[in-house]
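Here are the chains, one letter per residue:
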Amino acid sequence: MLKLIVPCLLGVLMAHSAQATTIYRTTDAQGNVIFTDDPNRGGEPVQLAPVTVIPSRTEGRRAEPPRAEGATPRAGQSPGQPFMPYDTFRIRSPEHGGDLPASYAGNLQVELAIVPALRPDHRVRLLVDGQVSQTAMHTSAFMLTNLSRGEYVLQAELLDAQGQIRHRTAPVSLYVQRSSATLPGSDG
């Protein structure tokens, strides 16, 4: 019984100490030690060392998308968890649902946000409509040229040193505006 009471009381004691409440220690008729914040119950004040709080590394991070197809967990990783050595891995520009004006002539720079910086043994490749558009490179920017008028879906894939896909960004839709010779009123 005492083994059950003491951990519970210590938990209460630490919770109260975080609120800067004075804690008192007393002993009941059966010899059980009781911790309380009520000075009227008698007992002596207890001096507690401050509690050290260390936030978890993942605090404040968004939930990560499912692991990319073909990815296998590494040693020390539980199955089903994505391999993601980066706090951020996403397409920064263009924004989802954005328009590429006709004045850009179908040319677009795709920028990735990768934090911390891309490791030397990792590569990134760009997918356009699910097809590899650019080979894997050690970069955070890609250039697309002469895109035709229409809608495109962009994604980037993270490849490890062995060339295995380890992560994929969320898809970003892009609408390319281009002049067309077949449409009335176009520049042609």
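Reading guide: rules and limits
Every chain is numbered independently, its residues counted from 1 as its sequence is written. Residue-level local features of this predicted model are given only where pLDDT is at least 70; pairs of side-chain atoms are given and counted only at 80 or more, and the full residue set underlies all totals for whole chains, interfaces and linings. The side-chain figures draw on all heavy atoms in the structure; neither hydrogens nor water molecules are used. Each helix corresponds to a stretch of at least 4 residues labelled H or I by DSSP, and each strand to a stretch of at least 2 residues labelled E; elements are numbered beginning at the N terminus. Here's how the labels work: a residue is buried when its accessible area is under 20% of the maximum for its type, exposed when over 50%, partly exposed in between, all with a 1.4 Å probe on protein chains only. Throughout, a residue-residue contact means that at least one pair of heavy atoms, one from each residue, lies within 4.5 Å. Values of accessible area rely on a 1.4 Å probe in the Shrake-Rupley scheme; residue burial ignores everything except the protein chains shown. DSSP bridges decide pairing: two strands pair if at least two such bridges lie between them. Note on definitions: angles span 0 to 180 degrees between N-to-C directions of axes, and those axes are lines fitted to C-alpha atoms, for helices only across the stretch in contact. Per-residue confidence from the predictor is reported as pLDDT, which spans 0 to 100.

Asker: Explain the overall build of the chain to me, please; I cannot follow it from the model alone.
Answerer: Counting its secondary structure elements, the chain contains 1 helix and 12 strands. What you see in the chain, going N to C, is helices and strands ordered as α-β-β-β-β-β-β-β-β-β-β-β-β. Residues counted as buried form 28% of the 188 residues belonging to the chain. Counting only contacts in the chain whose residues sit at least 6 apart along the sequence, the fraction spanning at least 24 positions is 54%. Surface exposure of the chain reaches about 12,100 Å², of which carbon and sulfur atoms provide 52%.

Asker: Would you mind showing me how to read the sheet that holds strand E6 (residues 108-115) here?
Answerer: Pairing between the strands of a sheet comes from backbone hydrogen bonds, and it takes one of two forms, parallel or antiparallel. An order of E4-E6-E9 is seen for the 3 strands of this open sheet, with the pairing classed as antiparallel. Looking at the sheet topology across the chains shown, the edges are occupied by strand E4 (88-93) and strand E9 (141-144). Strand-to-strand twist of the sheet, defined as the mean angle between neighbouring strand axes without regard to direction, takes the value 20°. Of the strand pairs in this sheet, E4 and E6 are connected by 5 bridges, and their pairing is antiparallel. Of the residues in E6, the one forming a bridge with Ile91 is Leu112.

Asker: I would appreciate a short explanation of the sheet that holds strand E2 (residues 33-36) in the present structure.
Answerer: Pairing within the open sheet is antiparallel, and its 3 strands lie in the order E2-E1-E3. A single partner strand is all that each edge strand has here, and the edge strands are E2 and strand E3 (44-46). Averaged over all pairs of adjacent strands, the angle between strand axes in this sheet comes to 40°, irrespective of strand direction. With 3 bridges joining them, strand E1 (residues 23-27) and E3 adopt antiparallel strand pairing.

Asker: Is there a simple way to think about the confidence of the model for the chain in this case?
Answerer: On average, residues of the chain score 75 in pLDDT, and 66% of them reach the 70 mark or higher. Within the model, the stretch residues 59-81 combines pLDDT values under 50 with 31 contacts to residues more than four positions away or in other chains.

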